[in-house]
Amino acid sequence: MLLSEIREQLKKYNEEDLRLLVAEMYKSIPKRVREDKDIDTLVQDVRAYISIGKIDKTKDSKKSINELKQEIEIFIDYAYKQYYFAPNNFVHKKERPKWRFKVKAYIKELQEAPIHSAEGKIATTLLQNIYKMLSYACAYYIFNTDNPFRSVGIEQTLLLNIVIARTLGNGANNESLKSAIELVINSAVDRETLHSSLITILVMNLRTSDSRVIAIEQCKLIKKELEKPKPVSSKKTWGSDSYDYEQKEKINNLVEMVFRIYMELCEYDEAIRYFNKNYYNRVLEVSLYVLLRLLHEYELKEHWLREYDMGVKKGLEIREKLRKTYEYIQKNDKLPEYSW
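Residues numbered from 1 in each chain as written. Predicted model: local features only at pLDDT ≥ 70, side-chain atom pairs only at ≥ 80, totals over all residues. Heavy atoms only, no water.

A short note on the packing of aromatic side chains
All told, the structure shown has 18 aromatic pairs when counted by the stated rule. Centroid distance Phe75 to Tyr106: 5.7 Å. Interplanar angle 70°. Geometry classified as edge-to-face. In this pair, Phe75 is assigned in helix 6 (residues 65-80) and Tyr106 in helix 7 (residues 99-111), connecting sequence segments 31 residues apart. Of the residues examined, Phe75 reaches a relative accessible area of 3% and is grouped as buried. For the pair Tyr80 and Tyr136, a centre-to-centre distance of 5.1 Å together with 75° between the ring planes defines the contact as edge-to-face. Here Tyr136 lies in helix 8 (residues 118-136) and Tyr80 lies in helix 6, a separation of 56 residues in the sequence. Grouped by ring-pair contacts, the aromatic residues Phe75, Tyr84, Trp99, Tyr106 and Phe143 constitute a single cluster. (Phe/Tyr/Trp six-rings, centres within 6.5 Å; stacked < 30°, edge-to-face > 60°. Helix = DSSP H or I, 4+ residues; strand = E, 2+ residues; numbered from the N terminus. Buried < 20%, exposed > 50% of the residue type's maximum accessible area, 1.4 Å probe, protein only.)

Following this line, the structure appears as structure tokens:
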């Protein structure tokens with residue numbers, strides 16, 4: 001049907017029928033198409049959706065990197081201050097839902113800047129800051145969503161990969177690797193992403209043995225800083241408990257990162273030794289569980305059996321899933337196809 005014919009057909013429906021029609025049409029649109037076309041935003045605010053589209057189509061001149069930098073820095077500042085979430089006098093109510101369109105456009109424009117140029121370095125820093133902002137929005141409400149990466153239409157791991165590839169694009173040295181590592185361990189994650197997935201993205205971008213060795217050194221230095229005791233307070237508060245938990249999580253993520261990098265260097269025993277010495281959990285069986293899950297992922301059967309047997313000798317109360325995996329290996333002389 002032509003658009004004019006559709007408009008004529010719609011005239012014969014009452015309000016209730018129109019609701020039913022829209023709902024049925026929405027259900028018939030494939031999920032990928034809904035995400036690509038941002039149909040959810042269309043439903044939430046049709047006027048904003050159309051106006052943004054018009055603005056995008058009528059853009060004739062491309063902003064310079066400095067103009068873009070100024071605009072993005074103001075946007076990020078406003079976002080952290082919750083101006084795109086809560087009532088305020090800086091961002092009008094009608095403009096707040098448009099934040100996702102802005103971020104989409106920023107990510108697209110910034111990637112066009114060549115990595116090795118002066119503009120490219122500015123663009124990389126801005127992409128880092130956008131990633132940090134979206135990551136922060138996974139833990140705190142600064143936009144009207146609890147899944148900001150999905151709202152923008154990009155997976156967290158994909159944007160992280162873009163940022164890390166650019167960060168290391170001018171050379172994997174102490175400074176760039178420290179920046180990339182801190183970006184990963186300081187990330188909050190959305191409900192579809194694991195910290196292990198972010199760690200894997202970083203490790204995947206370490207292309208040479210030299211970069212892996214430097215990365216291990218930087219991980220250990222960052223871990224050392226995190227382990228420094230904070231000033232002692234006379235009162236035990238919820239905030240201090242939360243801080244301690246977050247620090248331990250970051251340290252464990254660094255330990256997993258070092259483990260995975262050693263694996264890429266084929267230094268399996270060193271990876272296991274470092275993990276056993278540095279991974280923190282009050283319950284030793286939990287640490288063993290995490291280690292065996294990682295060894296399963298890397299398909300290291302003999303190492304898996306060795307660490308399991310050592311856990312048994314230590315008197316750890318092994319969970320049923322691990323016992324069943326052990327029995328499977330003994331019977332079939334191989335790891336099961338799927339981890340638990």
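What to know about the packing of helix 8 against helix 10 (residues 156-167)
Interaxial distance between helix 8 and helix 10 falls to 9 Å at its minimum, and their mutual angle equals 150°. Considered as vectors, helix 8 and helix 10 are oriented roughly antiparallel to each other. For the element pair helix 8 and helix 10, the recorded crossing hand is left-handed. Taken together, the residues of helix 10 that come into contact with helix 8 (itself represented by Gly120, Ala123, Thr124, Leu127, Gln128, Tyr131, Leu134 and Ser135) are Gln156, Leu159, Leu160, Ile162, Val163, Arg166 and Thr167. (Axes fitted to C-alpha atoms, helices over the stretch in contact; angles between N-to-C directions. Parallel < 35°, antiparallel > 145°, perpendicular 65-115°, else oblique. Left-handed = near helix turned anticlockwise from the far one by under 90°. Contact = heavy atoms within 4.5 Å.)

Regarding unusual backbone geometry
Backbone geometry at Gln82 places phi at a positive 65°, although glycine is not the residue there. Secondary-structure assignment places Gln82 in the loop between helix 6 and helix 7. Taking relative accessible area as the criterion, Gln82 reaches 33% and is therefore assigned partly exposed. Positive phi, close to 60°, is recorded for Glu299, a residue that is not glycine. Take Glu299: it is sitting in the loop between helix 16 (284-297) and helix 17 (301-313). In this structure Glu299 comes out as exposed when scored by relative accessible area, which is 66%.

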